[in-house]
Amino acid sequence: MNKELSLAFIGGGNMASALAAGLIGKRCGAHDVLVIDPNQAVRDRWAGQGVAVAPEADSKLSARRVWILAVKPQGLKEVALACKPHLAEDTLVISVAAGVSSAALSGWLGQPDRPWRRLVRCMPNTPALIGAGACGLMALDGVSEDERRLAQQMLGAVAQVVWVDDDAGIDAVTALSGSGPAYVFLFIEALIQGGIRHGLDDDQARSLALATLTGATQLASLSHESLATLRERVTSKGGTTAAALDVFQARDFAGIVGEAMDAARARAAAMAAEFS
Ligand SMILES: NC(=O)C1=CN([C@@H]2O[C@H](COP(=O)(O)OP(=O)(O)OC[C@H]3O[C@@H](n4cnc5c(N)ncnc54)[C@H](O)[C@@H]3O)[C@@H](O)[C@H]2O)C=CC1
Ligand SMILES: O=C(O)[C@@H]1CCC=N1
C-alpha cells in the first residue's frame, strides 16, 4: 500500500463518493482506500470498485495516513470517539462536516489536556463528483506544511481550493459554495418552469437553461471583464433583459440571496453550538 496516499473514508455517502471519484485512479488506487460505513448497501457499492470496507472503526484504520470524516454532523462525535483509539501519531484527519467546529472535533479526538491538532476542516461541494467542485480548507496548528500540501493536492484533484483562517471562514464557504449548488439548481429549475410556461417543451427548456448557465459561467470565468460589464452587455436599453432585471431589482434579488446565505451561515453557527 502507498502509505503516503492511503485513505480512509469514515462515512461512504454522497460526499465521500464525490471526493473518491476524483481521487481513485488519479491520486491513489482503489486498494489504497478503506471505507467504514454501517450500511451494507453502501459497503457493497464501494467493494464493487475494489475498495476495502468495514462496518465500523477497527485497527485497519491506523495504517491509513489520511482519514476523511464524512458522516452527518449529528453523528460525528460518536464516530470520532470510535475512531480515536486507532489514531496513529501521524494521522491527518480531514472533516467535511458542516457546522462542527475544529475545537469540538479536536477535543473528541484528543486527550483532555492535549486536543488533536493534526486536523483540517474541509468544505467541499457535490460538483466534486465530476471534478468541478469548490472547496474551502482550514488547518489547525498541528498540521505541517507538507500535510497542508497533501490536503491541497487531494482536494485540488476534484475542486478549486481556497484556504481560510478559521471556523468562521469555513462557515462562510459553507454558505456560499458548500450549499451553493442547491441555490443554482433551484434557479435552473425556475428557469425551466418559466420556459415551459411560455410554451417550450421540457427538453427544450432544460437544454436551454443548462446551456445558459454553463455558457454564462464559462464566459464569466474566461473573460477579463467584470460581471457588471458582462451583465450590461446583455442588457439593451429599453429591451427585454432590462424588463426582466427590473423585476429582480424590485424584489431585491441580491438581498434575497444575501438573506439566504445569512440563514445558511447562522445554521452552521447554531449547529456548532448544538454539536459541541
Ligand atoms: N452533501 C453535500 O452537498 C455536502 C455535505 N457536506 C458534509 O458531508 C457530510 C456527509 O454528508 P453526505 O455525504 O451528504 O451524507 P450521506 O448521508 O450521503 O453520507 C453519510 C454516510 O455516513 C454513514 N454513516 C452513518 N453512521 C456512520 C458511522 N457510525 N460510521 C461510519 N459511517 C456512518 C451513512 O451510512 C452514510 O453512508 C456531512 O457532515 C455534511 O455536512 C459538506 C459539503 C457538502
Ligand atoms: O446542507 C448541509 O448541511 C450540507 C453542508 C453543505 C451542503 N450540504
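Remember, predicted model here, so these are calculated numbers, not experimental data. (Residues numbered from 1 in each chain as written. Chains lettered and ligands numbered in written order. Predicted model: local features only at pLDDT ≥ 70, side-chain atom pairs only at ≥ 80, totals over all residues.)

A word on the overall build of the protein chain
The condition is simple: What counts as a helix is a DSSP run of H or I of at least four residues, what counts as a strand is a run of E of at least two, and both are numbered from the N terminus. Residues are defined as contacting one another if the C-beta atoms placed from their backbone atoms lie within 7 Å.
Each helix and strand in the protein chain was counted, giving 11 helices and 8 strands. A principal-axis box enclosing the C-alpha atoms of the protein chain has dimensions of 70 × 40 × 35 Å. The contacts in the protein chain between residues at least 6 apart in sequence include a share of 68% that link residues at least 24 apart.

Topic: the site of ligand 2
The criterion, for reference: Placing a C-beta atom from the backbone of each residue, we mark the residue near a molecule or strand if the atom is within 6 Å of it. Throughout this entry, Asp, Glu, Lys and Arg are counted as charged residues, while Ala, Val, Leu, Ile, Met, Phe, Trp, Tyr, Cys and Pro are counted as nonpolar. The remaining residues, Gly among them, count as polar.
Lining the immediate surroundings of ligand 2 are Ala 98, Thr 174, Gly 178 and Ser 179. Looking at the shell around ligand 2 residue by residue, the classes come out as 1 nonpolar, 3 polar and no charged.

As for the nonpolar core
Spelled out, the test is: Note on terminology: a nonpolar core is any set of buried Ala, Val, Leu, Ile, Met, Phe, Trp, Tyr and Cys residues joined through C-beta atoms within 7 Å. Note on burial: count the other C-beta atoms lying within 10 Å of the residue's C-beta; 20 or more is buried, 12 or fewer is exposed, in between is partly exposed, and C-beta positions come from the backbone. Residue ranges assigned to the domains are those given by an automatic or database domain assignment.
Membership of the largest hydrophobic core comes to 64 residues, with the highest contact counts inside it found for Phe 9, Ile 10, Trp 67, Ile 68, Leu 69, Ile 94 and Val 120. Looking at this core, the element that brings in the most residues is helix α1 (residues 14-23), giving 6 residues. Three or more residues apiece are contributed to this core by two domains, here domain 1 (3-174) and domain 2 (180-272). Once residues within four sequence positions are removed from consideration, Leu 69 is found in contact with Ile 10, Gly 11, Leu 76, Val 79, Val 93, Ile 94, Ser 95, Val 96 and Ala 97.

Focus: the UniProt feature "domain: Pyrroline-5-carboxylate reductase dimerisation" (unreviewed entry) in the protein chain
Defined as follows: UniProt positions are given in the numbering used here, feature names are shortened, and annotations may be inferred rather than shown by experiment.
UniProt's feature table lists "domain: Pyrroline-5-carboxylate reductase dimerisation" (unreviewed entry) at residues 169-271, given in the numbering used throughout. Measuring from the first to the last C-alpha atom of residues 169-271 gives 15 Å, for a span that is 84% helix and 0% strand.

Section: the domain arrangement of the protein chain
Domain boundaries in the protein chain define domain 1 (3-174) and domain 2 (180-272). Taking only C-alpha atoms into account, the centre of domain 1 sits 32 Å from that of domain 2. Counting from both sides, the interface comprises 11 residues of domain 1 and, opposite them, 9 residues of domain 2. Considered class by class, the residues forming the side of domain 1 that touches domain 2 number 5 nonpolar, 5 polar and 1 charged.

Digging into the UniProt feature "binding site: NADP(+)" (unreviewed entry) in the protein chain
Taking the UniProt record as the reference, the feature "binding site: NADP(+)" (unreviewed entry) is found at Ile 10, Gly 11, Gly 12, Gly 13, Asn 14, Met 15, Ala 70, Val 71, Lys 72 and Pro 73. Spanning 64 residues, the annotated positions come together in the fold, the maximum distance between their C-alpha atoms being 14.0 Å. As for its placement among the helices and strands, Pro 73 is situated in the loop between β4 (66-69) and α3 (76-83). If near-sequence neighbours (up to four positions away) are discounted, Pro 73 is found in contact with Ala 97, Ala 98, Gly 99, Val 100, Met 271 and Phe 275.

Notes on helix α11 (residues 253-274)
As a reminder of what qualifies: Each residue after the first adds 1.5 Å to the expected span of a helix. In this context, the arc is that of the directions from the helix axis out to the C-beta atoms.
The end-to-end C-alpha separation of α11 is 31 Å, in line with the 32 Å expected for 22 residues at 1.5 Å each. Buried within α11 are the following residues: Ala 264, Ala 268 and Ala 272. Seen along its axis, α11 keeps its buried residues to an arc of 80°; they face one direction. Residues Gly 255, Ile 256, Glu 259, Asp 262, Ala 263, Ala 266, Ala 270, Ala 273 and Glu 274 are exposed on α11 and point more than 90 degrees away from its buried face. Looking at the buried residues of α11, the elements they touch are α6 (167-178).

Examining α3
Taken together, the buried positions of α3 are occupied by Leu 76, Val 79, Ala 80 and Cys 83. All buried residues of α3 project into a common sector of 100° when viewed along the axis, lining one side. Exposed positions of α3 whose direction lies more than 90 degrees from the buried face are Glu 78 and Leu 81. Looking at the buried residues of α3, the elements they touch are β1 (7-10), β4 and α4 (102-109).

Observations concerning the site of ligand 1
Gly 11, Gly 13, Met 15, Ala 97 and Ala 98 are the nearest of the 25 residues found near ligand 1. Split into classes, the residues belonging to the shell around ligand 1 amount to 14 nonpolar, 9 polar and 2 charged.

Observations regarding the pairing of strand β8 (residues 159-163)
Note the cut-off: When DSSP finds two or more bridges between a pair of strands, those strands are recorded as paired. By the criterion used throughout, a crossover qualifies as right-handed when its path from the first strand across the helix to the second strand runs clockwise, the strands pointing away from the viewer.
As judged from the 5 bridges shared by strand β7 (residues 133-139) and β8, these two strands associate in the parallel manner. What sits directly across from Ala 134, in β8, is Gln 160. In this fold, β7 hands off to helix α5 (residues 145-156), which returns the chain to β8; that crossover is right-handed.

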